[in-house]
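# Structural overview
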Protein chains: 2
Amino acid sequence: MSTFLRPVLGFSGYSGSGKTTIIEKTIKRLKNLGYRVAVIKHDVHDFEMDKEGKDTFRFSEAGADEVFISSGEKSARISSFPRTMEEMISECGHADIVLIEGYKYADIRKIAVTSEKSGYDLPCSEDSLEAVVTDDISQYQGRAGIPVFYRNDVEGITGFIRERYLDNGKD
Amino acid sequence: MSTFLRPVLGFSGYSGSGKTTIIEKTIKRLKNLGYRVAVIKHDVHDFEMDKEGKDTFRFSEAGADEVFISSGEKSARISSFPRTMEEMISECGHADIVLIEGYKYADIRKIAVTSEKSGYDLPCSEDSLEAVVTDDISQYQGRAGIPVFYRNDVEGITGFIRERYLDNGKD
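The structure reproduced in this document is the subject of the present report. The shown structure was predicted, so the numbers you read here are calculated from the model rather than taken from an experiment. (Residues numbered from 1 in each chain as written. Chains lettered and ligands numbered in written order. Predicted model: local features only at pLDDT ≥ 70, side-chain atom pairs only at ≥ 80, totals over all residues. Heavy atoms only, no water.)

## Focus on the pairing of strand β2 (residues 37-42) of chain B
Of all six residues that make up β2 of chain B, five are buried, and the element is covered over most of its length. Bridge count for strand β3 (residues 66-70) of chain A against β2 of chain B is five bridges, and the pairing is parallel. Opposite S70 of chain A, over in β2 of chain B, you have H42 of chain B as the bridge partner. Sheet topology note: the β2 of chain B/strand β5 (residues 97-101) of chain B ladder contains five bridges and is parallel. (Buried < 20%, exposed > 50% of the residue type's maximum accessible area, 1.4 Å probe, protein only. Helix = DSSP H or I, 4+ residues; strand = E, 2+ residues; numbered from the N terminus. Pairing = 2+ DSSP bridges.)

Next up, the structure:
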């Protein structure tokens, strides 16, 4: 496994498995517990981030290689080139933990999100598997050593992440 | 003046002066000449960057401190905290020149964009003034040493920027 300056945890799932919703709920819960959370998403299509007509959009359209914006509240950056997962992780200095969506083949620990739709197949290698989140935990009975959570069990999932990845002493 | 690893040039103008359009045209021309251009914008309101319903939007809404996304073509980052101009400049490693919109009081060289609407007042101190872009150059006749360009003279503006800030040997 790759090593990073801060905890990095992937969420891996076939399309339609509901992993985005699980990441969303995990972020909310970790934030409520006082942790700083960064998320990195791999987009297999070509995402559109900005809004037509905005100055930043116009600068990107004009060909700017990078457009930065900051207000007194927040900031953003759009680049006309890709970044690797590792580059983005290295920029997460403001986070206690980095959650990753996509990057199926990345050498990081992963939570597999499975569903009936894909026959409960694991979307990542067992080597990298940290836990399974699913709608039917009976599918994984008898598989020793891998924690399995119901998809609605945000407490359980987050508790596991804290215990395994975070200091567990913030609340 | 502050010093940076690469050329930094501000565009300063009162609201409605047309500075965004001038920056847009300058980017296009510099890109056509083969330069890599970064733009940094200071937003005095609170910008909205992402699109409702997108995964990245959902992660930000859930409270993520930073959301990164990369496709094979481009990448973006949204942070729930501001960045200083200097921090953003330090991230412009992919650019030959950094153009800045806003940051009126920043200690950088500036091109003033003026118009009839504001009585041709200069929007920045003469100390930091590099050139003036305006719709009536006769307003600045007799002021020695400050280059003045018509707002449609993109060739002139860009030529000046190249000569003063870039290697001038790319085409």
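## Here's the deal with the interface of chain A and chain B
Counting from both sides, the interface comprises 56 residues of chain A and, opposite them, 56 residues of chain B. Between chain A and chain B, a total of about 5600 Å² is buried, with carbon and sulfur atoms accounting for 56% of that surface. The three residues of chain A that bury the most area against chain B are M49, F59 and F68 of chain A, which together make up 14% of that side's buried surface. The residue R58 of chain A makes a salt bridge to E24 of chain B at a minimum N-O spacing of 2.8 Å. Counting across the chain A and chain B interface gives 37 residue pairs in polar contact (both at pLDDT 80 or more). (Contact = heavy atoms within 4.5 Å. Buried area = accessible area lost by both parts, 1.4 Å probe. Salt bridge = Lys/Arg side-chain N within 4 Å of Asp/Glu carboxyl O. Polar contact = N/O pair within 3.5 Å; in protein donor to acceptor, adjacent residues only side chain to side chain.)

## Examining the pattern of salt bridges
Across all of its chains, the model carries 28 salt bridges over all chains by this definition. The salt bridge partner of E155 of chain A is R29 of chain A, with a shortest N-O separation of 2.8 Å. Taken together, the residues E155 of chain A in helix α4 (residues 154-165) and R29 of chain A in helix α1 (residues 19-32) connect sequence positions 126 residues apart. With its nearest N and O atoms 3.7 Å apart, the salt bridge here joins E91 of chain B to R77 of chain A. Pair noted here: E91 of chain B is in the loop between α3 (85-90) and β5 and R77 of chain A is in strand β4 (residues 75-79), and the two residues belong to different chains.

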